[in-house]
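Structural overview
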Amino acid sequence: MIEPIIASILLIGAAVALLCVKLLFRRNGSFSSMHIGDSEAMKQRGIHCVIEQDREQRTKTNKH
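These lines cover the structure that appears in this document, whether it is placed above or below. (Residues numbered from 1 in each chain as written. Predicted model: local features only at pLDDT ≥ 70, side-chain atom pairs only at ≥ 80, totals over all residues. Heavy atoms only, no water.)

What follows is about the overall build of the protein chain. Counting its secondary structure elements, the protein chain contains four helices and zero strands. The C-alpha atoms of the protein chain give a radius of gyration of 21 Å, which is well past the 11 Å a tight globule of 64 residues would have. Considering only C-alpha atoms, the protein chain reaches an extent of 70 × 35 × 15 Å along its principal axes. The buried share of the protein chain, taken over its 64 residues, is 3%. For the protein chain, the exposed area adds up to about 6200 Å²; of that, 63% sits on carbon and sulfur atoms. Of the side-chain charges in the protein chain, 9 are positive and 6 negative, and the distance between the mean point of each set is 7 Å. (Helix = DSSP H or I, 4+ residues; strand = E, 2+ residues; numbered from the N terminus. Rg over C-alpha atoms; globule rule 2.2 N^0.38 Å. Buried < 20%, exposed > 50% of the residue type's maximum accessible area, 1.4 Å probe, protein only. Areas by Shrake-Rupley, 256 points an atom, 1.4 Å probe, with all protein chains shown as cover. Lys, Arg positive; Asp, Glu negative; His and termini not counted. Charge placed at Lys NZ, Arg CZ, Asp CG, Glu CD.)

When the terminal C-alpha atoms of helix α4 (residues 50–63) are compared, their 20 Å separation across 14 residues agrees well with the 20 Å that a helix rising 1.5 Å per residue should span. Among the 14 residues of α4, zero are classified as buried, and the element is accordingly described as predominantly exposed. (Expected span 1.5 Å × (residues − 1).)

On to the pattern of salt bridges, then. Under the counting rule described, the total for this entry stands at two salt bridges. Among the salt bridges present, the one from glutamate 40 reaches lysine 43, with a minimum N-O distance of 3.9 Å. Here lysine 43 and glutamate 40 lie together in helix α3 (residues 40–45), a separation of three residues that amounts to about one turn. Lysine 43 sits in the partly exposed class, given a relative accessible area of 47%. Between aspartate 54 and arginine 58 there is a salt bridge, with its nearest N and O atoms 2.8 Å apart. Here the residue aspartate 54 and the residue arginine 58 both occupy positions in helix α4, the gap between them amounting to four residues, near one helical turn. (Salt bridge = Lys/Arg side-chain N within 4 Å of Asp/Glu carboxyl O.)

Geometry only, nothing functional implied.
Put into structure tokens, the structure is as follows:
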């Protein structure tokens, strides 16, 4: 009865530890931004985040 709970706790602990490897062992380690507006590839393709697209559309409709 208790073995599955212990196994689950160990598995979750191992997953968290592996996710933190970059943060713990690299100087200034951090996760890169996942925001669309911060991606160079998306900028080159002309793809913006939805907030920027909404702002552009509102600006266009207010000018007419």
